[in-house]
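Residue-level listing of the chains:
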Amino acid sequence: MMESGVPICKTCGEYVGFDSHGEVFVACNECNDPICKACLDGEIREGRKSCTRCGTPYNEWTELAVAEEESGNHMTMASHLNPAVDGTHARNISSVSTVDSEYIDESGNPIWKNRVESWKEKKNKKKKPARKSKKEAEIPSEQQLEENSQSVDATQPLSRVVPIPKTQLTPYRAVIIMRLIILSLFFHYRVTHPVDSAYTLWLTSVICEIWFAFSWVLDQFPKWSPINRDTYIDRLSARYEREGEPSELAAVDFFVSTVDPLKEPPLITGNTVLSILAVDYPVDKVSCYVSDDGAAMLSFESLVETAEFARKWVPFSKKFNIEPRAPEFYFSQKIDYLKDKVQPSFVKERRAMKRDYEEYKVRINALVAKAQKTPDEGWTMADGTAWPGNNTRDHPGMIQVFLGHSGAHDIEGNELPRLVYVSREKRPGYQHHKKAGAENALVRVSAVLTNAPYILNLDCDHYVNNSKAIREAMCFLMDPQVGRDVCYVQFPQRFDGIDKSDRYANRNTVFFDVNMKGLDGIQGPVYVGTGCVFNRQALYGYGPPSLPRLPKTSSCSWCSSCCCCCRRKKPAKEKDLSEVYRDAKREDLNAAIFNLREIESYDENERSLIISQMSFEKTFGLSAVFIESTLMEYGGLPESANPSTLVREAIQVISCGYEEKTSWGKEIGWIYGSVTEDILTGFKMQCRGWRSIYCMPLRPAFKGSAPINLSDRLHQVLRWALGSVEIFLSRHCPLWYGFGGGRLKWLQRLAYINTIVYPFTSLPLIAYCLLPAICLLTGKFIIPTLSNLASILFLGLFLSIIITSVLELRWSGVSIEDWWRNEQFWVIGGVSAHLFAVFQGFLKMLAGLDTNFTVTAKATDDAEFGELYVIKWTTVLIPPTTILIVNMVGVVAGFSDALNNGYEAWGPLFGKVFFAFWVIFHLYPFLKGLMGRQNRTPTIVILWSVLLASVFSLVWVKINPFVSKDDASLISQGCIAIDC
């Protein structure tokens, strides 16, 4: 019978045993590395100074342990260190199933046990042999000191938190509190001082202002504790890349997604792939998976050309340490490329490489030109067979492995990272879930073929700009103190090809440099869809290691608890454990399976019962190979894996029916239900108790392209806002989802609520932008005559808004121009794309109607930033154009009225015109983009806008709703002549 709760030594396979106090022996209190006392003493005698897993030095207690052993005292380290620290994962069982013959071998033992034992043996084979020998006596003392210094450096933290200085943060927080107090006094004044002569206008303005204040609270308070972070890549190398030994850095699987090569140029995708293959990371630790969700032969042939060119590009990039390692962007840099280059052959080899790249571009361009017209009989491959993906909606799954250990090497004979082409199966009648479904297919394929413990996903137009970006992420993920509870490391998005003024706020500087830093001080940044390194275990729906373990029960209680879905009440004396158990079993925080180490704590009979009753298939699907990979907490392929059948197994896991009746898209992988699957995926992870990290290296890790013309930018914002509305109307809405476990912090929840309610700000924003024009046309105003107290309140409110912004810019480093562009586009997007997203979201979620607002492009002759001046017709342009015209008409009418009524009318006119110009200034980039460089505006836009503005003004003059009945009767009695 197995000793309950005692782990097995990773070195000898025996139980680690107990210390003199009856506690489980703990060798390293930092990582709880399972190793018995005998093996530990053997390592100490062989010269091992620190833990083989986390690098924590043994020297604090080595002498004590050895001395006690010599004296016959068998006291263990557990008596000197805190034994209560436990690093196990808190998993919970998602469902129950009967025993399947797939899990039992001929002798009746669980196959799972055999697989785990073989995996342990494989891990033990990788252990480093003792390096100490008699020759160490001959090593000079200087070299020993150097080695000792490196050993000390290897045990230091791999990153650190850099808090914002108190001189910047304290005034910032004080102004926020002051602004909140002033807002309360302001609303008290507004509510208690209605404007009777324009009651409807007053009420509308107050409702809008209350909503704006609510939105400000949601946006402001998650920025209460912003932080910065530093990483130490040199320490990472010292700890995991010892000279003369194989690298111990964790493997990484890269995901690149593409759909239509005619809209996403293959040359751009090829540059992204080349930058991945050339990263500064061990080649055997890197695999790149390219998802072609359009099953285009153009994408496949382009990848073939890219793999061939990579044999030249990768060794050149690493030899001369160039940045960036995407050739298109490297050769287009307007810098001194000879700076810091000392090799005489660099110039010659660079010229030759540039020529090779230009030839590669010509071949890619030829493929693109050929693909413009599809043959009637469909595409044919080089061997004469028909391309399987000729029907993009009905084709089998396709996988092709390039390069790698068994593939072609570079021109110098060195191994290259593995490159894999993947196109998942598609059949009519199946829901494929767009990008989220493609990412989940890559998760399964990569688990079968390489199973790296970490995953980095990139859009096809986001290339690796910093070749050490993966090392930056590993400084968090591989740090035993930091990485235990980290589900992903998010990098900021940076862009190329944007005009200097960033007219439409494409860089999103305020979001990435202000909001994300604030979230990093709470529970971590939100996932933004690209440039993110995931912990694979978090994608599988597991909880973080820091969560409490589930309570241990007997095999009989397991039977009964499984039958009743583990919802029996616990005795009152076990209140704490029952709360933990109940929280772990809640449906909205449902995890996939038990942790490997947690299952090991049971004896063989109990383990067999647990394994037999755990529905692996219902959670992960019917692939036994994939299910086994999920048990490999630290990645890698199991010993039982047959390389000859792995590709066949990978084809199975990308079949269109594989996800049916499983947890894919519901609890594990990328979550379905919204076009912004990134928000949902990160939200689910953090509800389980994970945290994320925001990494901002000095050199941007990744760079991409952004739509810089007005119509495309609004269309992009429309899609984001539509995803937020979909989440708001789903069961995953942060307003009510994930409260059971209490694992999502309140400020983090406020941030997620802000990400889903911001599109609804469009309704009060449009009303508020029309109010100044209405006031000017009617002669009414939303604010009564101000008293001295009211004037102080208004002045204090404006000053607090300005000071808050200034202090925010101070600690974040964002420029005033970026802040102002963000404010302008907040209004532009709010009165256009966000409004359409709200209506489209309700039509889609409530009525089942999927309305699309498409754009059609017109040509442009401009070269540099030519896209900036392209005008494309879209209905999204109508509301902001109408608002602009109405406010301009209102300003003209207001000045005309003041000129006719004399000096007394100029005072009230000032406030009305001020708000009208506030609207016009915020919409100025929109007006500029609407006119274009050549002042060409679509006729339909002008006609609709002028028509709506004219009709609105005429109807308003005719109805005149803000004039009281008494005033109207007096006017009708006194004004008989036309010139009264």
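As annotated in an unreviewed UniProt entry, the protein chain is Cellulose synthase from Forsythia ovata. Its UniProt record, at the heading Subcellular location (unreviewed entry), says of the protein chain: "Cell membrane". The record held by UniProt for the protein chain lists under Pathway (unreviewed entry) the comment "Glycan metabolism; plant cellulose biosynthesis."

Draft legend 1. Representation of the side chain of S287 within the structure. Within the fold, S287 resides in strand 4 (residues 286–292). With a relative accessible area of 6%, S287 lands in the buried category. Apart from the residues within four sequence positions on either side, S287 is in contact with V252, D253, F254, R418 and T450.

Draft legend 2. Quick peek at the UniProt feature "active site" (unreviewed entry) in the protein chain. What UniProt calls "active site" (unreviewed entry) maps, in this numbering, to D293 and D678. Its relative accessible area of 8% is what places D293 among the buried residues. Positionally, D678 belongs in helix 23 (residues 677–687). Among all residues touching D678, those that are not within four sequence positions of it are Y527, V528 and G529.

Draft legend 3. Highlighting the sheet that holds strand 10 (residues 494–496). An order of 8-13-10 is seen for the 3 strands of this open sheet, with the pairing classed as mixed. In this open sheet, the two strands that pair with only one neighbour each are strand 8 (463–464) and strand 10. In this structure, strand 10 lies alongside strand 13 (residues 702–705), joined through 3 bridges in parallel fashion. Looking at the pairing, F495 lines up with G704 of strand 13.

Draft legend 4. Geometry of the pairing of strand 9 (residues 486–490). For strand 9, the buried fraction is high: 5 of the 5 residues fall into the buried class. Sheet analysis places strand 9 next to strand 12 (residues 691–694), joined by 4 bridges and oriented parallel. Residue V489 lies in a different strand from strand 12, and its bridge partner there is I693. Bridge count for strand 9 against strand 11 (residues 532–535) is 3 bridges, and the pairing is antiparallel.

Draft legend 5. Up close: the pattern of salt bridges. Under the definition given, this model contains 26 salt bridges. Here R160 ties to D230 by a salt bridge, and the two come within 2.9 Å at their closest N and O atoms. Separated by 70 residues along the polypeptide, R160 in strand 1 (residues 159–163) and D230 in strand 2 (residues 227–231) bring together distant segments of the chain. By relative accessible area, R160 is classed as partly exposed at 41%. Salt bridges sharing common partners tie together E241, D280, K468 and R471.

Conventions used here
Residues numbered from 1 in each chain as written. Predicted model: local features only at pLDDT ≥ 70, side-chain atom pairs only at ≥ 80, totals over all residues. Heavy atoms only, no water. UniProt positions renumbered as here; feature names shortened; annotations may be inferred. Helix = DSSP H or I, 4+ residues; strand = E, 2+ residues; numbered from the N terminus. Buried < 20%, exposed > 50% of the residue type's maximum accessible area, 1.4 Å probe, protein only. Contact = heavy atoms within 4.5 Å. Pairing = 2+ DSSP bridges. Salt bridge = Lys/Arg side-chain N within 4 Å of Asp/Glu carboxyl O.

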